[in-house]
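One letter stands for each residue in the lines below.
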Number of protein chains: 2
Amino acid sequence: MIYPSISIVGDGNVAKVMGHHISKSDLKLVSICSRNSNKSNKLASLWNCKQEKIESISGDLVLVCVSDDNVIEVIEKIKKDRSIAYCSGSINLDDIDHKNCGVLYPLQTFSGSEQDLMKKFPLLIESKNENTKDLLFDIGKKLSEKVIYINSEERKHIHLSAIFINNFSNHMVHLGQDYGKKNNLPPDVFNDLIRETFNNLLSQSAFKAQTGPARRRDKKTIALHHDLLPDDLKKIYLTITSSIDKTYN
Amino acid sequence: MIYPSISIVGDGNVAKVMGHHISKSDLKLVSICSRNSNKSNKLASLWNCKQEKIESISGDLVLVCVSDDNVIEVIEKIKKDRSIAYCSGSINLDDIDHKNCGVLYPLQTFSGSEQDLMKKFPLLIESKNENTKDLLFDIGKKLSEKVIYINSEERKHIHLSAIFINNFSNHMVHLGQDYGKKNNLPPDVFNDLIRETFNNLLSQSAFKAQTGPARRRDKKTIALHHDLLPDDLKKIYLTITSSIDKTYN
């Protein structure tokens, strides 16, 4: 089959990973468009494609990889005869006024170090019409082994679940590492614990894997920790401890 | 060298893992003591040792694997001529009135599925005297490749860091999985995200690995999520989102 030419809009982490994978595949990446010409210049030479302005973007399919807050206004600037797909978890497809629009949402965390893992991640697809749907499935299969059709309502919930599962758990690790750093602990001492925390989660539910003073209701330990922590961490500690307590006790 | 005979007090996850590893090593596990005779009966036959009462416990070294809240009262019941080590992260060694007491604290999460991984985890040791210290190092090296001397002050901070790194991150994953379940999402859809979240943390700091709407200050997405969530999750979402925002913006 003949694949459409693709243009990418955006220069953030999602744009970089999508562009990287498309340019390494046998799909045809023709252009990049971003507000920051330094960044798009760099990406254009990396992917061996041209830079374009949003109003005259030339790819048959335009992949909109900008932050959720900017998706709608960016799509409004694109010519109506293009096919479009955006990569956002939270934007409802009904809110987009463009008949050939769909979604290509990679359920992944893009923090810059995992460019070669995309094939293993679910790619969630939605579309306003059958043609664009077929097109997105064909392209999706070039990028991921797990291409699934998910509607806007489900995608919104998946995105919100993923924020707890990835963003918030990551921030908890940061708070622990930061507290350790401020108390002069060796940073490497936690590596095995991090590895095991997540290994556990691949073999059992987080509900079952939970341990610690909040689950055991070790009141003395919780009181000791409350005294040790600075005010900002105290509030977080108590909020989460109370949530764990409510879950188990 | 001649290793001392060992008795274990407790029947929880830590007791089970310590007992399992000691009974599989060439150390001599002679007895178990716990308040629940059904449980200690089962463990005694699993480890091929006898059951004893706390007041007449016979091991040269008594390993106290009870919850933090009970460590001190348990140690008070043990004969003064025994050597003792407790496995708690938060109890200060100065608070223990026993001259041959030390600490053997495994920095690990014991949720039941990882019994064979102990050798890879740090085992943190502290002691009131040199003899017990040598003893604990000798025994520790039979159980773990990483035996480190850490004082009570440092151990207390390590324990508190570990609560954020393991307990709290795990609970975030639970909240995400639970929200997904209540919204009928396929549970497996998040497995790759969980794996990658923690793979990232082994190659970079959590500070660098952070992604998501809170870090990007995607205000529209945050407002949408706020509307979607039930009240208990709303509070947690806003607390952590504000902490991430404070960290980066």
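Because the structure is predicted, anything quoted here is derived from the model rather than measured.

1. Brief notes about the relation of the copies chain A and chain B
- When chain A is fitted to chain B, the residual RMSD is 0.0 Å, and the transformation amounts to a turn of 180 degrees plus an axial shift of 0.0 Å. Within this description, the copies of the chain are treated as partners about a two-fold rotation axis. For chain A, the smallest separation between a C-alpha atom and the rotation axis is recorded for Ser-169 of chain A, amounting to 2.0 Å.
- Of the residues that chain A buries at the interface, 100% are likewise interface residues in chain B, meaning the two copies contact each other through the same surface.

2. Focus: the interface of chain A and chain B
- On the side of chain B, 90 residues touch chain A, which itself brings 90 residues to the contact.
- Between chain A and chain B lies a buried interface of about 8,400 Å² when both sides are counted; carbon and sulfur atoms form 67% of it.
- Taken together, chain A and chain B are joined by 4 salt bridges.
- Ionic pairing is found between Lys-246 of chain B and Asp-232 of chain A, a salt bridge with its closest N-O pair at 3.4 Å.
- Summed over the shared surface of chain A and chain B, the number is 40 residue pairs in polar contact (both at pLDDT 80 or more).
- Within the residue set of the side of chain A that touches chain B, elements represented by two or more residues are strand 8 (146-149), helix 5 (152-182), helix 6 (191-203), helix 7 (206-209), helix 8 (213-216), helix 9 (219-228) and helix 10 (231-248) of chain A.
- Among the elements that make up the side of chain A that touches chain B, the one with the highest residue count is helix 5 of chain A (25 residues).
- Split by residue class, the side of chain A that touches chain B holds 37 nonpolar, 34 polar and 19 charged.

3. Side note on the pattern of salt bridges
- Tallied over the entire structure, the rule returns 24 salt bridges over all chains.
- Lys-182 of chain A is the salt-bridge partner of Asp-178 of chain A, the closest N and O atoms lying 2.7 Å from each other. With Asp-178 of chain A and Lys-182 of chain A both in helix 5 and 4 residues apart, the pair spans about one turn of that helix.
- By relative accessible area, Lys-182 of chain A is classed as exposed at 63%.
- One salt bridge connects Asp-81 of chain B with Arg-82 of chain B, and the closest N-O pair in it is separated by 3.2 Å.
- Overall, Asp-81 of chain B belongs to the exposed group, its relative accessible area being 52%.
- Bridged by salt links that share partners, the residues Lys-146 of chain A together with Asp-192 and Arg-195 of chain B form one connected network.

4. Here's the deal with the domain arrangement of chain A
Residue and element names in this part refer to chain A.
- The domain boundaries assigned to chain A delineate domain 1 (5-150) and domain 2 (157-248).
- Between the C-alpha centres of domain 1 and domain 2 the distance comes to 35 Å.
- Of the residues lining the interface, 8 residues belong to domain 1; the matching set on domain 2 comes to 4 residues.
- On the domain 1 side of the interface with domain 2, the three residues burying the most area are Tyr-105, Leu-107 and Thr-109, jointly 56% of the side's total.
- Applying the counting criterion to the domain 1 and domain 2 interface returns 0 salt bridges.
- Our enumeration of links across domain 1 and domain 2 arrives at 0 residue pairs in polar contact (both at pLDDT 80 or more).
- Partitioning the side of domain 1 that touches domain 2 into residue classes produces 4 nonpolar, 3 polar and 1 charged.

5. Examining the packing of aromatic side chains
- Per the stated rule, a full pass over the model turns up 9 aromatic pairs over all chains.
- Look at Phe-207 of chain B and Tyr-248 of chain B: their rings are 4.8 Å apart centre to centre, the planes differ by 25 degrees, and that puts the pair in the stacked class. Placement of Phe-207 of chain B in helix 7 (residues 206-209) and of Tyr-248 of chain B in helix 10 (residues 231-248) is noted, with a sequence separation of 41 residues between them.
- Taking relative accessible area as the criterion, Phe-207 of chain B reaches 37% and is therefore assigned partly exposed.
- For Tyr-248 of chain B, a relative accessible area of 18% corresponds to the buried category.
- The rings of Phe-164 and Phe-168 of chain A together with Tyr-237 of chain B are connected pair by pair, giving a single aromatic cluster.
- When the ring centre of Tyr-149 of chain A is taken as origin, the NZ or CZ atom of Lys-133 of chain A, which lies over that ring, is 4.8 Å away.

6. Structural notes on unusual backbone geometry
Residues and elements named next belong to chain A.
- Notably, Asn-184 is not glycine yet its phi reads approximately 60 degrees, a positive angle.
- Relative to the assigned elements, Asn-184 resides in the loop between helix 5 and helix 6.
- Its identity as a non-glycine residue notwithstanding, Arg-217 has a phi of 55 degrees, on the positive side.
- Considering the arrangement of structural elements, one finds Arg-217 in the loop between helix 8 and helix 9.

7. A short note on the sheet that holds strand 6 (residues 101-106) of chain A
Residue and element names in this part refer to chain A.
- Strand order in the open sheet made by the 8 strands is 3-2-1-4-5-6-7-8, with mixed pairing throughout. Of all strands in the sheet, those with a lone pairing partner are strand 3 (50-51) and strand 8, marking the two edges.
- Note: strand 1 (residues 5-9) against strand 2 (residues 28-33), 5 bridges, orientation parallel. By the bridge assignment for strand 2, Ser-7 is matched with Ser-31.
- Where helix 4 (residues 130-143) meets the sheet, it contacts strand 1, strand 4 (61-64), strand 5 (83-86), strand 6, strand 7 (122-127) and strand 8, and its direction lies at approximately 170 degrees from that of strand 7.
- Of the strands in this sheet, strand 5, strand 6 and strand 7 touch helix 5, which is tilted by about 150 degrees from strand 7.

8. A few points about the pairing of strand 1 of chain A
All names here are of chain A.
- Within strand 1, 5 of the 5 residues are buried, leaving the element largely enclosed by the surrounding structure.
- Burial along strand 1 is two-sided: Ser-5, Ser-7 and Val-9 facing one way and Ile-6 and Ile-8 facing the other are all buried.
- In this fold, the crossover linking strand 1 to strand 2 by way of helix 1 (residues 13-24) has right-handed handedness.
- As paired strands, strand 1 and strand 4 are joined by 4 bridges and run parallel to one another. Across the sheet, the residue bridging to Ile-6 is Leu-61, located in strand 4.

Cut-offs and rules
- Residues numbered from 1 in each chain as written.
- Chains lettered and ligands numbered in written order.
- Predicted model: local features only at pLDDT ≥ 70, side-chain atom pairs only at ≥ 80, totals over all residues.
- Heavy atoms only, no water.
- Least-squares fit on C-alpha atoms with pLDDT ≥ 70 in both.
- Contact = heavy atoms within 4.5 Å.
- Buried area = accessible area lost by both parts, 1.4 Å probe.
- Salt bridge = Lys/Arg side-chain N within 4 Å of Asp/Glu carboxyl O.
- Polar contact = N/O pair within 3.5 Å; in protein donor to acceptor, adjacent residues only side chain to side chain.
- Helix = DSSP H or I, 4+ residues; strand = E, 2+ residues; numbered from the N terminus.
- Nonpolar A, V, L, I, M, F, W, Y, C, P; charged D, E, K, R; others polar.
- Buried < 20%, exposed > 50% of the residue type's maximum accessible area, 1.4 Å probe, protein only.
- Domains from an automatic or database assignment.
- Phe/Tyr/Trp six-rings, centres within 6.5 Å; stacked < 30°, edge-to-face > 60°.
- Lys NZ or Arg CZ within 6 Å of the ring centre and 35° of its normal.
- Pairing = 2+ DSSP bridges.
- Axes fitted to C-alpha atoms, helices over the stretch in contact; angles between N-to-C directions.
- Right-handed = clockwise from strand over helix to strand, strands pointing away.

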